[in-house]
Amino acid sequence: MGVPQLYYFTIRGFGEYIRLLFIDNGIKFEDIRYVYGSPEWDEHKKSMIFGQMPTLKHDGKEYAQTGAIMRHLARVHNLNGSSEDDATFLDMFFEGVRDSRMKYVMYIYMDQGTREELTQKTLPTCLENFEKLFKIHQGKFIIGDKPSYADYILFEELDAYTHLDAMILDKFPSLKAFWEMMWQRPNLKAYLEKRKADGVWINAIEKGMK
């Protein structure tokens, strides 16, 4: 089998969930990055499904859409729980975090609402729901003591929110402990520290970095 190729922009964005999954699980992949709005990307997107990224190519097959790629990798690499109930719970958690991300995106790109509204009301409401869900299963991760695909979107979103408010997780002890634990994961730590040192943007614009 060949090495999977992940196509995304030079930012974190939606592609970062997939990168984190690969890196944390020691899965070799080619991290192909395009500058947002570059001529190279404008040309390459013509050949891609839906003309957008992230896109995953592996063994002659092409996969598009963030959720589809994440679930595909979850099934292939046993990151989808151990039962149908587990898989459904993870899907529910994943979609809930995606909804939270879209509220964040509306602020970042559409200037919808204020930073204070987002960090003091909108996101805390979402985080309260995630905190309750996280406590349903005992263990360090969303389900038990083994990571799942949904852990990577949760971690990335929590990390993005701390750029807006460094104390935003203080009222959510389970989520904060999870976020801190993920930062120390052996396969992730060096990558995350380099990402921070390099100042890799979360979004296609600098807004949201500080």
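What you see is a predicted model, and the numbers here were worked out from it, not measured in a lab.

Conventions we followed
- Residues numbered from 1 in each chain as written.
- Predicted model: local features only at pLDDT ≥ 70, side-chain atom pairs only at ≥ 80, totals over all residues.
- Heavy atoms only, no water.
- Patch = residues over 30% accessible without salt bridge, like charges linked within 9 Å, V, L, I, M, F, W, Y side chains within 5 Å.
- Areas by Shrake-Rupley, 256 points an atom, 1.4 Å probe, with all protein chains shown as cover.
- Salt bridge = Lys/Arg side-chain N within 4 Å of Asp/Glu carboxyl O.
- Helix = DSSP H or I, 4+ residues; strand = E, 2+ residues; numbered from the N terminus.
- UniProt positions renumbered as here; feature names shortened; annotations may be inferred.
- Phe/Tyr/Trp six-rings, centres within 6.5 Å; stacked < 30°, edge-to-face > 60°.
- Buried < 20%, exposed > 50% of the residue type's maximum accessible area, 1.4 Å probe, protein only.
- Lys NZ or Arg CZ within 6 Å of the ring centre and 35° of its normal.

Colleague: Before we go on, may I ask you to explain a nonpolar patch on the surface in this structure?
Modeller: Taken together, the side chains of M106, Y109, M110, W201 and I205 make up a nonpolar region of the molecular surface, amounting to roughly 450 Å² of accessible area. Mapped onto the elements, M110 comes out in helix α4 (residues 84-110).

Colleague: Explanation requested: the UniProt feature "domain: GST N-terminal" (unreviewed entry) in the protein chain in the structure shown.
Modeller: Summarizing the sequence annotation, UniProt attributes the feature "domain: GST N-terminal" (unreviewed entry) to residues 2-81 in the numbering used throughout. Note that residues 2-81 is 34% helix and 22% strand, and that its end C-alpha atoms are spaced 26 Å apart.

Colleague: Help me out: how do you make sense of the packing of aromatic side chains in this one?
Modeller: The geometry of an aromatic ring pair is captured by the separation of the ring centres together with the interplanar angle, meaning the angle of the planes. The full count for this structure, using the stated rule, is 11 aromatic pairs. Considering the side-chain rings of F94 and Y149, the 5.4 Å spacing of their centres and the 40° angle between planes classify their relative orientation as tilted. With a gap of 55 residues between them, F94 in helix α4 and Y149 in helix α6 (residues 149-164) connect regions that are remote in the sequence. You can call Y149 buried: its relative accessible area is 0%. Taken together, Y8, F9, Y34, Y36 and W41 form an aromatic cluster joined through their ring pairs. Over the aromatic face of Y7 sits the side chain of K57, whose NZ or CZ is 5.0 Å from the ring centroid. The ring of F14 has R98 sitting right over it, with the charged end atom 4.8 Å from the ring centre.

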